[in-house]
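Below are the chains, spelled out letter by letter.
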Amino acid sequence: MISIVDDDKSVREAANMLIKSLGYATATFASAEELLGSGRLRNTACLITDVHMPGMSGVDLQNHLMANGYRTPVIFMTACSDERIRARMLGAGALGFLSKPFREESLIACLDRAMGKYNSVRNSAA
C-alpha cells in the first residue's frame with residue numbers, strides 16, 4: 001500500500017488517482033498525525049508526504065518513523081523548494097524530493113525506486 005500524506009486535498013486526490021492507475025493500493029491522510037493514528041503504517045510500502053503541513057511536518061514524520069524503527073521508503077513533495085531541506089532529506093534516505101507542481105513521470109520514477117527498495121528489504125528479511 002502507498003500512503004499519501006498532504007494537507008492539500010487536491011494534491012492528495014491527484015496523487016491518489018495516479019498511483020491507483022498504476023495498480024497500487026493507496027491510503028490518503030490529511031496530516032501526519034492522521035497517518036500515525038490510523039493503524040495503517042504497518043502496511044505502508046511507500047510513503048509520499050508533503051514537507052510543510054500544519055502540526056507534524058513531513059520532515060518530522062520521517063524522523064519519527066526512523067526513530068521508531070520504520071524503514072519505509074519516503075518521497076517528499078513540496079511547494080516551497082528549500083535546497084537545505086532537500087539535501088538533508090535525501091541524505092537521510094528519502095528516495096525523492098519533488099517540487100510542486102511536478103510531472104507525473106517524476107513521481108512514477110521515484111515510486112519505482114521506492115518499491116524496488118521495499119521489495120529488496122522485504123525479501124532480505126524473509
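Just above, that's the structure.
### Considering the overall build of the protein chain
Summing up its helical and strand segments, the protein chain has five helices and five strands in all. Reading the secondary structure of the protein chain in the N-to-C direction produces β-α-β-α-β-α-β-α-β-α. The C-alpha extent of the protein chain, read off along each of the three principal axes, is 40 × 30 × 25 Å. For the protein chain, restricting intrachain contacts to residue pairs at least 6 apart in sequence, the fraction spanning at least 24 positions comes to 59%. Surface summary for the protein chain: the accessible area is close to 6,600 Å², and the carbon and sulfur share equals 51%.

### As for the side chain of Asp 50
Structurally, Asp 50 is set in strand S3 (residues 46-50). At a separation of 3.5 Å, a polar atom in the side chain of Asp 50 contacts the side chain of Lys 100. In this structure Asp 50 touches Val 5, Asp 6, Asp 7, Gly 58, Phe 76, Met 77, Thr 78 and Lys 100, once residues within four positions along its chain are discounted.

### Describing the pairing of strand S5 (residues 96-99)
In this structure, strand S4 (residues 74-78) lies alongside S5, joined through four bridges in parallel fashion. Residue Thr 78 lies in a different strand from S5, and its bridge partner there is Ser 99. Crossover handedness for the path S4 to helix H4 (residues 83-91) to S5: right-handed.

### A few points about helix H1 (residues 9-21)
Turn by turn, an α-helix covers 3.6 residues, leaving residues three or four places apart pointing in a common direction. In a regular helix each residue adds 1.5 Å, so 13 residues correspond to 18 Å; H1 covers 18 Å between its end C-alpha atoms and thus fits that length. Positive phi appears at Gly 23, one or two residues downstream of H1, with a value of about 95°.

### Some thoughts on unusual backbone geometry
Following Lys 100, the chain continues to Pro 101 via a peptide bond in cis, the omega torsion being -10°. Mapped onto the fold, Pro 101 is located in the loop between S5 and helix H5 (104-125).

### A few points about the packing of aromatic side chains
Scanning all chains against the criterion turns up one aromatic pair. A ring pair is formed by Phe 76 and Phe 97, whose centres lie 6.2 Å apart and whose planes are at 45°; its orientation type is tilted. Residue Phe 76 is located in strand S4, and its partner Phe 97 is located in strand S5; the two are separated by 21 residues in the primary sequence. Judged by relative accessible area, Phe 76 falls into the buried class, the value being 0%. The buried category is assigned to Phe 97, whose relative accessible area is 10%.

### Some thoughts on the side chain of Thr 78
Looking at the secondary structure, you find Thr 78 in strand S4. What makes Thr 78 buried here is its relative accessible area of 1%. For Thr 78, the residues in contact, after removing those within four places along its chain, are Asp 50, Val 51, His 52, Phe 97, Leu 98, Ser 99 and Lys 100.

### As for the environment of Arg 12
Note on placement: Arg 12 falls in helix H1. Along the sequence, Arg 12 and Glu 83 sit 71 residues apart, while their C-alpha atoms lie 23 Å from each other. The contact partners of Arg 12, leaving out residues within four places of it in the chain, are Ile 4, Asp 6, Asp 7, Thr 28, Phe 29 and Ala 30. At a separation of 2.6 Å, a polar atom in the side chain of Arg 12 contacts the main-chain carbonyl oxygen of Asp 6.

The rules behind the values
- Residues numbered from 1 in each chain as written.
- Predicted model: local features only at pLDDT ≥ 70, side-chain atom pairs only at ≥ 80, totals over all residues.
- Heavy atoms only, no water.
- Helix = DSSP H or I, 4+ residues; strand = E, 2+ residues; numbered from the N terminus.
- Contact = heavy atoms within 4.5 Å.
- Areas by Shrake-Rupley, 256 points an atom, 1.4 Å probe, with all protein chains shown as cover.
- Polar contact = N/O pair within 3.5 Å; in protein donor to acceptor, adjacent residues only side chain to side chain.
- Pairing = 2+ DSSP bridges.
- Right-handed = clockwise from strand over helix to strand, strands pointing away.
- Expected span 1.5 Å × (residues − 1).
- Phe/Tyr/Trp six-rings, centres within 6.5 Å; stacked < 30°, edge-to-face > 60°.
- Buried < 20%, exposed > 50% of the residue type's maximum accessible area, 1.4 Å probe, protein only.

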